[in-house]
Amino acid sequence: MSLTKSSTSTSFPIPHALHHLERPPYNLLSYPLSFPCDGTDSERVEAFDKLIRSLEDGNRLIERMGTGGTARGYEEENENINYLEVEEERIQRLYTLVRKSGSLPPKSRQRFIRALSTAVNALCSVIENTQARLSDTSFYGSQENSDNIADCSQRSEKASSSSSLLPLFLRDSVNCHLYILFSATSSLETELKGTLLKNVNKNSEKAKEKKAWQDLREDYASAFHYASLTMSKYRSNLWKCGVPEENLFFLPCRLSYKLLESNSRRVVDYVLGIISATIEATSSIPSTIVAALLDLLHSHEHMAPLVAELCKKDKTNRLAIELLREIGRLDFSAVSSFDAGRASGVKNLAPFINELASRDPNVVRANICFILPHLNSEPYYIRSSVAQAIGFLVQRTDASDSDDETNIGGPTENTGNENEEGELQTRDTNEEGELRTRDTNEEGELRTRDTLFDILTQRVHDISSWTRCAVLKVWMHLVETDSIPIDRFLSVTVLAIDRLQDKTVAVRRAAMKLLTLLLENNPFGSMLEPTPYDNKIFELKEWLDVNLPEKIKEIKEAITESNQEVNEFKLFTILSKEVDDESAREDGDDSINYPELKAKLVALRLASLAKAFIVEFEDATRVLEGMLFSSTTSDVTEALKFFVQARHFKLPCAITGMRKALALMWSSETKVQEEVLEAFVEVFLAEPGTSGSSLLPMNQIAHNFLVLVASASVSEEASIEEAIGRLVKEERIPPGVFLILWSIASRANGQARSAAMVLISMGVSADPGIVDSASRLRLLYEAGLGDYTEENTDWATCRAASSALKKIGCIQATATPGSAKAIIVDFIIERLVLIVQGDWCNDVNEECTQCWYSAAEQAIDAIFAICHEPESAGAEIILAMETSTLGERSSCNAIRLSRLFFVIGHIALKLLVYSEALSSSVQRANAAKNLSQQQKADERKKKNKNESNLEDELGVSDEAEAETELRIAEIAEKEIVGRGLLGAFGPLLVKVVSNSDGSFSSPLLQQCATLALCKFMCVSYTFCEKHLPLLFNAMAKAPTEDSTLRANTIVALGDLAFRFPNAFEPYTPRMYACLRDGSTRVRRHTLMVLTHLILNDMVKVKGQVCEIAMCLEDDESRIRDMSRLLFKELSKRSNNPIYNLLPDMISQLSKMDIAKEAFRRIMGFLLGFIEKDKQNEMLADKICHRFPTCTTISQKADLAFCLAQLKISEKCIKLLNENFKLYKDSLYSDEVTKSFLSIIQKARKNSKAELKEVLDEFENQITTQNGVGAENEMAGTKAAKAKSRASKRAKRNALKNA
């Protein structure tokens, strides 16, 4: 090809495609003339290598030109550069190599592309040096008459600003080499993306090959970067008027879009530099770049941070603004929320918004109007991204704060003459204007910030749970960065508490984390006890009432009276501004200390906010505690973390929350148990923030335990005992803590004494050594059972001491007779007997006896645990109480008699347990004896093979074991409550419970007598069977207000059903009837007992289960939840009893007097458990056959509704068609017809073509019958009215004739 040097335009235009180089004006050949086209493969490979070597030789010459190594003046260098022009042959070689680059061996191809990259780098260097020399010539020539010589750095500035064009041949060489490099690398990138850079084994040959390609990619990316910078800097020297040729200028960018898919950071840096340099060189952002970047954002997930980084490199912010504008123009209405997860383009584009906001919040804030409309877009990705971006916009940064402070400073350093008045006046005027402008800008920014905060508040209620969760995470980030104004702290707390009731797990988890962070980062201090804040508010208000100026008082009263909506915080803010205005006035009252006044108002406002913050948590205690019992593990763990932090900040809800949390020690999930235990350690044993690694002082641990136990319920005490027991076993509680508790139990009074004894009892369950020694037993005797307890009737301490004793076993049998331990044990048993007799109780005050019950129960348990012969001690107690209660008197005290009944009932039960324990010990002894005998017999058999063990053959040992069991059963049946001492009280119990003459009407006496009777019944089958009718009659006759008797009896009946199911079975319907009791407590206990009986197969699930179904609509939430739990557990069984019960339940419930909505809610819940197609079909058939038995149209409507709730299959439709005659008479009802039409609509979904015809026919049949039936019904109604009128006329005529 020929090059025309005189032309100022390039003679090597960039072709549209590589093969166009074989056309004019290029006229290149596919191969050089000397190329062995028909040679062997080895000859062709050698020829290609020769072409590459010739390129490398030419590159060395260009590199010398770039460094100026051969320059001897411009003319000589110009002659050398003419070598490049030769250069059809070089261009021909380049074209041949790039055309066949795909078929080159990998190493040859890498050499070729690396040679091209070197050539491009060298040519860029030549351009720089050539332009620098041209500029130096003009620069030094122009300095001959100059007075000043500037710094040498002006040369490069002069070079880039020179408008003289570079030689044409140099520009053509740049065009040619850059285009050839682009063509070669573009095709290579396509191949690299497809196969060459796939994941391979690190130590394989493929890995080395992959590394070579990645190194090559860095080389040509660097070359393009250098070329892009050179073209941007010297565009006025490369193109006329500095207007670049787009086909060439954007070549690096075209390859950059492919290179951005690389995972190499160096390549990405080069690429970002290429695009950034191209943007800086243009007066406006090219639309091709914006479109290409948007396409990349849509196509690749990893592009968002890279494009955001590119926008940050653009100092003019034009790229960011254009991208935001284009994103704002996008229409996402076609992407539904269902499709948003599949629309990868939307998913990939969304992160760019918040990435840009995190890097350059000022640009996004200034152009927020472009993206805010997308808050109403359908895809939740976009809404979430905009919300996250808003979070970065309102985030407080130290840099921005410092900038604001420095900008509002005084005058800057002066370089001119400051003595001239004009300049000073001008400067003062400018400063005042700047300050006014700055104040206006600050107010505008505050308003914008408030608006963005309001948007974040609203978005917490977004329709998508993903967006709600994202917004809550934004609030979490703002809390961590201290970006939430103190005025909004309260509203954010309310918002987080509200989201705790969200239906989505992730949202609840995020809300709980937000609450924990709000607590950790609160601006009110590390102590959030309400009492100090109440005192402070009271003091500040008193001070303000005295010292507030009259004028401000009048303003306060006016605001309060005129605007009821102004809360206390806004009022204090308004008053603070009024104080500022008053202090700024020249005629203000000098006697008023305005700074102090404002400080008091600010302090009052802060204290009120803190108190409101505490109150919000206290009001939300129920919701927070509810999270502990969520079925989701993450809810539980996050709630535990919150209560740990709440305890560290001394929130009142922390102790109650941790008591509730300890119930999770009984969870079936080990992870939950471990979380609860760790939370327990962090709250009560460890230093705050140490995660249990550093413990508190032992005095503080003991104090924490006392506070925890002080007001705990019985169930909470059981959970606390489990936690303390595990910690004692793991030796995580220092032994010194129990020494301190012993000291408190010995010296303290009242609740502290009993609480310390309770804690000691809890520790004994894991380590009996805490009590099991002579000295400790003596201490327990004196502290828990001694004179102090008797004088103060401290039944709580008695109960705790007895509980500790029953956990250490039969110490009377193990203690050495005559030893100190044996002596103190005897004293303890005597004291326990005295406590059980109840002689310390006040016979007038029922409250004292009520407290005695629990202590007496534990004391009896302790006697049977530590005493060698507990039956003797029990007989002593009963005889003493019988003498003091009954004696020879004709009447007795009702309270004393109730205590006697309580004791004999509990002793009877303990005797049953004691006899069974003796039986078990005998069986174990017999088993050990039999094992020993069997081993001896085996040894004898080895010696004498003919000898046989006759006892084993005859089964003598098994017979002896059975005889032992029968003997124990006979003792329980006939001795304990029959012929024994306790049996003498049976008739008295029956007489008191029956109360036929009304002599025993005391509620307390009736409750104790009934409970004792139930315990007697648990012992003997005969006694139980005989007195079950009496027990149910006593429940029926019990006063309505005495729910305690009925509730206790229900629980006892559950025990009887477990022990004697055959005797209890006939009375099951009467048990179900208690579900309709007027007392919520009785209904709850009844449902709880029935649930246990049903799930343990002790009661058969029959038709009465509809009574449990009615509990699904109970007013009490716990009853509703328990009934739901029962049905869910039943549905998990293999036979699914709900399916068998449903037909009868539907009929019975439709006949009951319940609301239609309640019936439909119940049946909707129950029918949801029918999942198998076969069961659905059979149930549909059974329901159809019940239509003729219905007596009212409402019952038929109920049946039709149940049919509509089933899962409809093709067989179901056929069954409905076949049974059409069974329900066609009811189709005149629009409600029934509506249910059947809904069945058809449900069946149309995913139905086959042949089924659609059946459905159409079925639908026509139903609608036709509906019209006919309606007409018949109307005609029948008219006929009935006519008949009624005729009968009335006949009667009137008969009367007239008479």
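Predicted, not measured: the structure shown is a model, and the values here were computed from it.

A few words now on the overall build of the protein. In terms of regular secondary structure, the protein is built from 61 helices and 0 strands. Per-residue burial for the protein yields a buried fraction of 46% across its 1298 residues. For the protein, the share of sequence-separated contacts (at least 6 apart) that also reach a separation of at least 24 residues comes to 73%. Of the roughly 64,600 Å² of accessible surface on the protein, 50% is carried by carbon and sulfur atoms.

A separate point is the packing of aromatic side chains. Applying the stated criterion to the full structure yields 26 aromatic pairs. With 5.5 Å between their ring centres and 75° between their planes, F1220 and Y1223 make a pair best called edge-to-face. Placement of both F1220 and Y1223 in helix α59 (residues 1220-1223) is noted, with a separation of 3 residues, approximately one turn of the helix. No difference in accessibility class separates F1220 from Y1223, as the two residues are buried. An aromatic cluster of at least three residues, connected via ring pairs, comprises F489, F524, F613, F617, F642 and F643.

Turning our eyes to something else, we now look at the pattern of salt bridges. Counted according to the given criterion, the structure contains 46 salt bridges. Between D498 and R499 there is a salt bridge, with its nearest N and O atoms 3.0 Å apart. According to the relative accessible area criterion, R499 is buried, its value standing at 13%. Connected through salt bridges with shared partners, the residues R468, D498, R499 and D502 form a single ionic network.

A few words now on the packing of helix α28 (residues 633-648) against helix α29 (residues 653-661). The angle between the axes and the distance between the axes are what describe a pair of packed helices. Relative to each other, α28 and α29 sit at 145°, their axes nearing to 8 Å. Between α28 and α29 lies a crossing whose hand is left-handed. Counted together, L640, F643, A646 and R647 of α28 and C653, A654, I655, G657, M658 and A661 of α29 form the full contact between these two elements. Of the residues contributing to the contact of α28 with α29, the split by class is 8 nonpolar, 1 polar and 1 charged.

Attention shifts here to the packing of helix α39 (residues 820-837) against helix α40 (residues 846-866). Relative orientation of the contacting elements α39 and α40 amounts to 145°, with a least axis distance of 9 Å. Both α39 and α40 take part in a crossing whose hand is left-handed. In this structure, α39 contributes I828, I829, L832, V833, I835 and V836 to the contact, and α40 contributes W852, A856, A859, I860, A862, I863 and I866. A breakdown of the residues in the contact of α39 with α40 according to their chemical character gives 13 nonpolar, no polar and no charged.

Before going further, it helps to examine the environment of G784. Looking at the secondary structure, you find G784 in helix α35 (residues 774-784). Residue contacts for G784: discarding those within four places in its chain leaves M757, L779, T789, T797, C798 and A801.

Phi is mostly negative for residues that are not glycine, and the peptide bonds are mostly trans. Although it is not a glycine, D482 sits at a positive phi angle of roughly 55°. Residue classification places D482 among the partly exposed positions, given a relative accessible area of 48%. Phi is positive for E731, which is not a glycine, with a value near 60°. Inspection of the secondary structure assignment puts E731 in the loop between α32 (714-729) and α33 (735-747). Note on E731: relative accessible area 70%, which makes it exposed.

Here we take up the nonpolar core. Counting 372 residues, the largest nonpolar core has F112, W475, F1127, M1163 and F1236 as the members making the most contacts within it. For M1163, the contacting residues outside a window of four places in its chain are L1142, I1146, L1149, F1201 and C1202.

This part is about a positive patch on the surface. A cluster of like positive charges, contributed by K1281, R1285, K1288, R1289, K1291, R1292 and K1296, occupies part of the molecular surface. As for its placement among the helices and strands, R1285 is situated in helix α61 (residues 1249-1297). Classification of R1285 as partly exposed rests on a relative accessible area of 47%.

By the secondary structure assignment, N1219 is in the loop between α58 (1210-1218) and α59. For N1219, a relative accessible area of 10% corresponds to the buried category. The contacts of N1219, once residues within four sequence positions are left out, are D1181, C1184 and H1185.

Another point: the environment of D331. When you line up the elements, D331 lands in the loop between α14 (318-329) and α15 (344-359). Under the relative-accessibility criterion, D331 is labelled exposed at 60%. Taking C-alpha positions, D331 is 9.8 Å from E378, a pair spaced 47 residues apart along the chain.

Turning to the state of the cysteines, a few remarks are in order. As used here, a disulfide is simply a covalent bond connecting the sulfur atoms of two cysteines. Throughout the structure, instances matching the rule amount to 0 disulfides. Left unpaired, C1018 is separated from the closest cysteine sulfur, that of C1014, by 7.1 Å. We classify C1018 as buried; its relative accessible area is 11%.

Per-residue confidence for the protein gives a mean pLDDT of 80, with 82% of residues at or over 70. For residues 138-159, every residue scores under 50 in pLDDT, and the model assigns this stretch 12 contacts once sequence neighbours within four places are set aside. Note on residues 337-342: pLDDT under 50 across the span, and 6 contacts to partners over four residues away in sequence or across chains.

Below, the discussion takes up α14. Every α-helix winds through 3.6 residues per turn, so residues three or four apart in the chain are directed the same way. In a regular helix each residue adds 1.5 Å, so 12 residues correspond to 16 Å; α14 covers 17 Å between its end C-alpha atoms and thus fits that length. Every buried residue of α14 is listed here: L319, A320, L323, L324 and I327. For α14, the buried positions fall inside an angular range of 130° around the axis, keeping them on one side.

Let us look at helix α30 (residues 670-684). Taking 1.5 Å per residue, 15 residues should reach 21 Å; α30 reaches 21 Å between its end C-alpha atoms and fits that length. Of the surrounding elements, those touching the buried residues of α30 are α28, α29, α31 (698-710) and α32.

Quick look at the environment of R93 now. Topologically, R93 is positioned in helix α3 (residues 88-99). Setting aside residues no more than four positions away along its own chain, R93 makes contact with L51 and S54.

Rules used in this analysis
Residues numbered from 1 in each chain as written. Predicted model: local features only at pLDDT ≥ 70, side-chain atom pairs only at ≥ 80, totals over all residues. Heavy atoms only, no water. Helix = DSSP H or I, 4+ residues; strand = E, 2+ residues; numbered from the N terminus. Buried < 20%, exposed > 50% of the residue type's maximum accessible area, 1.4 Å probe, protein only. Contact = heavy atoms within 4.5 Å. Areas by Shrake-Rupley, 256 points an atom, 1.4 Å probe, with all protein chains shown as cover. Phe/Tyr/Trp six-rings, centres within 6.5 Å; stacked < 30°, edge-to-face > 60°. Salt bridge = Lys/Arg side-chain N within 4 Å of Asp/Glu carboxyl O. Axes fitted to C-alpha atoms, helices over the stretch in contact; angles between N-to-C directions. Left-handed = near helix turned anticlockwise from the far one by under 90°. Nonpolar A, V, L, I, M, F, W, Y, C, P; charged D, E, K, R; others polar. Core = buried A, V, L, I, M, F, W, Y, C linked by side-chain atoms within 4.5 Å. Patch = residues over 30% accessible without salt bridge, like charges linked within 9 Å, V, L, I, M, F, W, Y side chains within 5 Å. Lys, Arg positive; Asp, Glu negative; His and termini not counted. Charge placed at Lys NZ, Arg CZ, Asp CG, Glu CD. Disulfide = S-S within 2.5 Å. pLDDT = per-residue confidence, 0-100. Expected span 1.5 Å × (residues − 1). Arc of directions from axis to C-beta.

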